[in-house]
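Observations on the three-dimensional arrangement
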Amino acid sequence: MAPVKVLIVPGSNRSASLNVKLAGHIARQLALLGADATRISLADYPMPIYDGDYEAANGIPDPTRKLIAQFKAHDAVIIVSPEYNGSIPPLLKNAIDWMSRDGVAPFRGRVYGLAAASPSYRGGLRVMIALRHCLEFALGALIIPEQFMLPFADKAFDADGALTDEQHIKSLNAMLTGLIERATLLRRP
Ligand SMILES: Cc1cc2nc3c(=O)[nH]c(=O)nc-3n(C[C@H](O)[C@H](O)[C@H](O)COP(=O)(O)O)c2cc1C
């Protein structure tokens with residue numbers, strides 16, 4: 001069977017983003033687990049803030065359509081997002097809102113895993129709860145129960161961008177193997 005295809009979507013474009021760093025680590029771990037991982041940046045899919053009048057005049061933006069195609073080309077998606085005021089940062093929420101204007105296929109058709117990194121002790125738990133509300137309850141995504149939360153993320157990586165703490169490594173591995181297992185099961189005829 002071909003390797004499971006996993007799309008990694010960071011919810012931050014910041015040059016020094018901790019979540020982009022975590023996404024890089026996740027991509028390398030997925031490769032070690034035999035998955036075919038693709039990491040994207042939402043900076044490559046620029047779209048205006050969602051506005052119904054803009055949509056009526058112009059339709060769905062081309063970058064949104066390209067992003068939808070990326071999601072549909074993968075068996076699984078991992079969202080790696082910061083938490084903004086206890087919820088989803090606008091960059092990511094806007095992309096999800098625009099994508100949903102084309103229907104729920106990018107969300108319903110694949111398995112989702114969640115990860116969050118924060119320099120605070122909170123670790124981004126609340127953004128993952130908010131993402132479950134949005135992706136699962138509103139858009140029908142199947143999100144696995146294992147998730148990865150990285151508190152004090154500014155101190156969690158070595159110079160090569162790898163996680164150093166054994167508990168973090170174990171917890172992330174549980175999420176990644178859980179995701180690959182579910183995606184493999186769903187691909188069976
Ligand atoms: C508008 C705003 C709101 C934030 N709210 C939270 C929050 O609710 N919880 C939290 O842990 N960190 C919060 N932070 C801090 C972010 O976790 C921190 O800036 C993080 O580094 C952003 O992710 P990034 O490094 O991937 O860009 C907030 C930051 C901003 C700019």
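An account of the accompanying structure is given in this report.

Cut-offs used in this document
Residues numbered from 1 in each chain as written. Predicted model: local features only at pLDDT ≥ 70, side-chain atom pairs only at ≥ 80, totals over all residues. Heavy atoms only, no water. Core = buried A, V, L, I, M, F, W, Y, C linked by side-chain atoms within 4.5 Å. Buried < 20%, exposed > 50% of the residue type's maximum accessible area, 1.4 Å probe, protein only. Helix = DSSP H or I, 4+ residues; strand = E, 2+ residues; numbered from the N terminus. Contact = heavy atoms within 4.5 Å. Near = heavy atom within 4 Å. Polar contact = N/O pair within 3.5 Å; in protein donor to acceptor, adjacent residues only side chain to side chain. Areas by Shrake-Rupley, 256 points an atom, 1.4 Å probe, with all protein chains shown as cover. Nonpolar A, V, L, I, M, F, W, Y, C, P; charged D, E, K, R; others polar. Axes fitted to C-alpha atoms, helices over the stretch in contact; angles between N-to-C directions. Parallel < 35°, antiparallel > 145°, perpendicular 65-115°, else oblique. Patch = residues over 30% accessible without salt bridge, like charges linked within 9 Å, V, L, I, M, F, W, Y side chains within 5 Å. Salt bridge = Lys/Arg side-chain N within 4 Å of Asp/Glu carboxyl O.

Residues Leu67, Ile79, Tyr112, Leu131 and Leu135 are the most contacted members of the largest nonpolar core, which totals 30 residues. At the level of secondary structure, the elements contributing two or more residues to this core comprise β1 (5-10), α3 (62-72), β3 (76-80), α4 (90-100), β4 (111-117) and α6 (125-138). If one sorts the elements of this core by residue count, α6 sits on top with six residues. Contact partners of leucine 135, with chain neighbours within four places excluded, come to Ile79, Ile96, Phe107, Tyr112, Leu114, Gly140, Ala141 and Ile143.

This part takes up the side chain of threonine 64. By secondary structure assignment, the location of threonine 64 is in helix α3. Non-local contacts of threonine 64, meaning those with residues more than four positions away in its chain, are made with Met47, Trp98 and Met99.

In the vicinity of the ligand lie 14 residues, with Ser12, Arg14, Ser17, Asn85 and Ser118 positioned nearest. Leucine 18 is positioned with one of its backbone polar atoms (N or O) 2.9 Å from an oxygen atom of the ligand. When the free accessible area of the ligand is taken as 620 Å², the share hidden by the protein chains comes to 73%. Along the lines of polarity and charge, the residues of the shell around the ligand split into four nonpolar, seven polar and three charged.

Our next topic: the packing of α4 against α6. One way to put it is that α4 packs onto α6 with a least axis distance of 12 Å and a crossing angle of 5°. Relative to α6, α4 is oriented roughly parallel. Of the residues in α6, those touching α4 at Leu92, Lys93 and Ile96 are Leu131, Cys134 and Leu135. Considering only residue class, the contact of α4 with α6 consists of five nonpolar, no polar and one charged.

This brings us to a nonpolar patch on the surface. Judged by side-chain polarity, Leu125, Ile129 and Met149 come together as a nonpolar surface patch covering roughly 230 Å² of accessible area. Here leucine 125 is to be found in helix α6.

In this section: the environment of arginine 182. Mapped onto the secondary structure, arginine 182 falls in helix α7 (residues 166-187). According to the relative accessible area criterion, arginine 182 is partly exposed, its value standing at 23%. Sequence spacing of arginine 182 and arginine 110 is 72 residues, and the spatial spacing of their C-alpha atoms is 9.6 Å. Among all residues touching arginine 182, those that are not within four sequence positions of it are Val111, Ile144, Pro145 and Glu146.

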